[in-house]
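# Per-entry structural report
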Amino acid sequence: MTTMAMTRQRATRPAGALALCLASLAGAAQAQDFTYGGSIETTLRYYPQDGILPGQIEAGFSPIVSGELNTRTRFENGTLVFEVSGLYNTETGEGYADIPRGYYQYFGDGWDVLVGSNIEYWGVSEGNRVVDTVNQRYTIDQTVDYISLGQPMVNFNLSTGMNATLSLYGLIYFRDRDLGSAATRFRSPFLMSNNDAVYEEGNGRNLDFAARYRTSFNALGGGMDLALSYFDGTNRAPSTLPNVCILPSGVFDQANCAAEVQANSSTVYAVPYYAKLRRYGLELVYSNGDLQLTFEGAISQSLDETYNSVASGAQYSFGGIGPTGDTLTLVAEYLYDDRSVIQP
């Protein structure tokens, strides 16, 4: 597969009516600063061979168009942000449209509160963010980028002093993950549909909760960033499970699953199962000059199992390279995960 990217940056007029509507809902004072912008990008992907699975596209070019439009309005005590983004694969017809950020954030004395759709990036790893849990992801075109989608939330942040902040999140809506179709190039042989989705918590729309504490301090002759996180809610990634192994109550019957599959082999098909998840996370970054050491780890409890995930590594930057003074950064990471096959 060959990929070429062509990017064109441009300033674009915002969706004025919607921005004004949100501003009035925020009930804020007269705007003091307004900025807007946008971008559009075309990725030209080439497949030298036909897909090996039924329904996959044939060899040839596959253009992918993506873009975004964003506005930011600053008020005396707050900020109104509105951003829309989208992606469309012209060959398969797959893609998404999203409001990754559409919120009003009010700033108090040592605290702030955010209401609306936002993206929370947790984690310090380049290879796999094992603690990044809050937002749903778009994974159909995984070679395009690490794409997180907007999560409606109420987010309260409190400065606790000494470069430390406590963040609490009430996640008020759950969105299913977009699943690949038969035409998807990067997919499993097992096709699933969210029409068959099962939620361990019933309809999957229950209130989820998350919290994160982060701080920074001097240590060992350098700087240290530390973050502790907690998530309790529905897993954003679905497990792929046999339909005959799920009880009418929505509980996965792991003990009798093998026997059920064998007894009902002619009617078995894969379903996306969104299980309850409780996750404890730790992030560490140590910086000293051009050296940076990173660690993130998570303990996850789901489907009556507990598993551990780790991503740890080092980065070293060489500056002043060439006539323009470019920087070259070398990255090495170790990834570990002991989850079972029933986990996503």
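Our structure's up above, just so we're on the same page.
The present account deals with the structure reproduced in this document. Please read these numbers as outputs of a predicted model, since none were measured by experiment.

## Here's the deal with the layout of surface pockets
One number sums up the size of the largest pocket: a volume of about 880 Å³. Every residue lining the largest pocket is counted, 34 residues in all, and those nearest its centre are T139, R177, A237, P238 and P344. Residue composition of the lining of the largest pocket, grouped by class: 12 nonpolar, 12 polar and 10 charged.

## Looking at the state of the cysteines
Within the structure shown, the criterion is met by 1 disulfide. The side chain of C245 participates in a disulfide bridge whose partner is C257; the two sulfur atoms lie 2.1 Å from each other. When the S-S torsion is 80 degrees, as for the bridge of C245 with C257, the disulfide is right-handed. A residue pair is termed long-range when its members are at least 10 positions apart, and C245 in the loop between strand 14 (239-242) and helix 2 (257-263) and C257 in helix 2 qualify at 12 residues. Comparing C245 with C257, the two get one shared label, buried.

## Describing the sheet that holds strand 14
An order of 11-15-14 is seen for the 3 strands of this open sheet, with the pairing classed as mixed. Single-partner strands in this sheet number two, and they are strand 11 (198-199) and strand 14. In this sheet, strand 15 (residues 270-274) lies alongside strand 11 in parallel orientation, the contact comprising 2 bridges. Bridged to V198 within strand 15 is Y273.

## Concerning the packing of aromatic side chains
Following the criterion strictly, the structure yields 14 aromatic pairs and no others. Pairwise contacts between aromatic rings join Y106, W111 and F156 into one cluster. Between the NZ or CZ atom of R185 and the centre of the ring of Y47, over which it lies, the distance is 4.2 Å.

## Details of the environment of A211
Within the fold, A211 resides in strand 12 (residues 208-219). Through-space distance from the C-alpha of A211 to that of V134 is 10.0 Å; in sequence the pair is 77 residues apart. With residues near it in sequence (within four places) discarded, A211 still touches W122, S167, L168, Y169, L228, S229 and Y230.

## Focus on a nonpolar patch on the surface
A grouping of L291, L293, Y316, F318, I321, L328 and L330 is seen on the molecular surface, where their side chains present a nonpolar patch of about 580 Å² in accessible area. Mapped onto the nonpolar patch, the elements with two or more residues apiece are strand 17 (291-302), strand 18 (305-321) and strand 19 (326-337). If you trace the backbone, L293 turns up in strand 17.

Definitions and cut-offs
Residues numbered from 1 in each chain as written. Predicted model: local features only at pLDDT ≥ 70, side-chain atom pairs only at ≥ 80, totals over all residues. Heavy atoms only, no water. 1 Å grid on protein atoms, 1.4 Å probe; cavity = no way out; pocket = protein on both sides within 12 Å on 5 of 7 lines; lining within 4 Å. Points joined across faces, edges and corners; volume = space filled by probe spheres on them. Nonpolar A, V, L, I, M, F, W, Y, C, P; charged D, E, K, R; others polar. Disulfide = S-S within 2.5 Å. Helix = DSSP H or I, 4+ residues; strand = E, 2+ residues; numbered from the N terminus. Buried < 20%, exposed > 50% of the residue type's maximum accessible area, 1.4 Å probe, protein only. Pairing = 2+ DSSP bridges. Phe/Tyr/Trp six-rings, centres within 6.5 Å; stacked < 30°, edge-to-face > 60°. Lys NZ or Arg CZ within 6 Å of the ring centre and 35° of its normal. Contact = heavy atoms within 4.5 Å. Patch = residues over 30% accessible without salt bridge, like charges linked within 9 Å, V, L, I, M, F, W, Y side chains within 5 Å. Areas by Shrake-Rupley, 256 points an atom, 1.4 Å probe, with all protein chains shown as cover. Salt bridge = Lys/Arg side-chain N within 4 Å of Asp/Glu carboxyl O.

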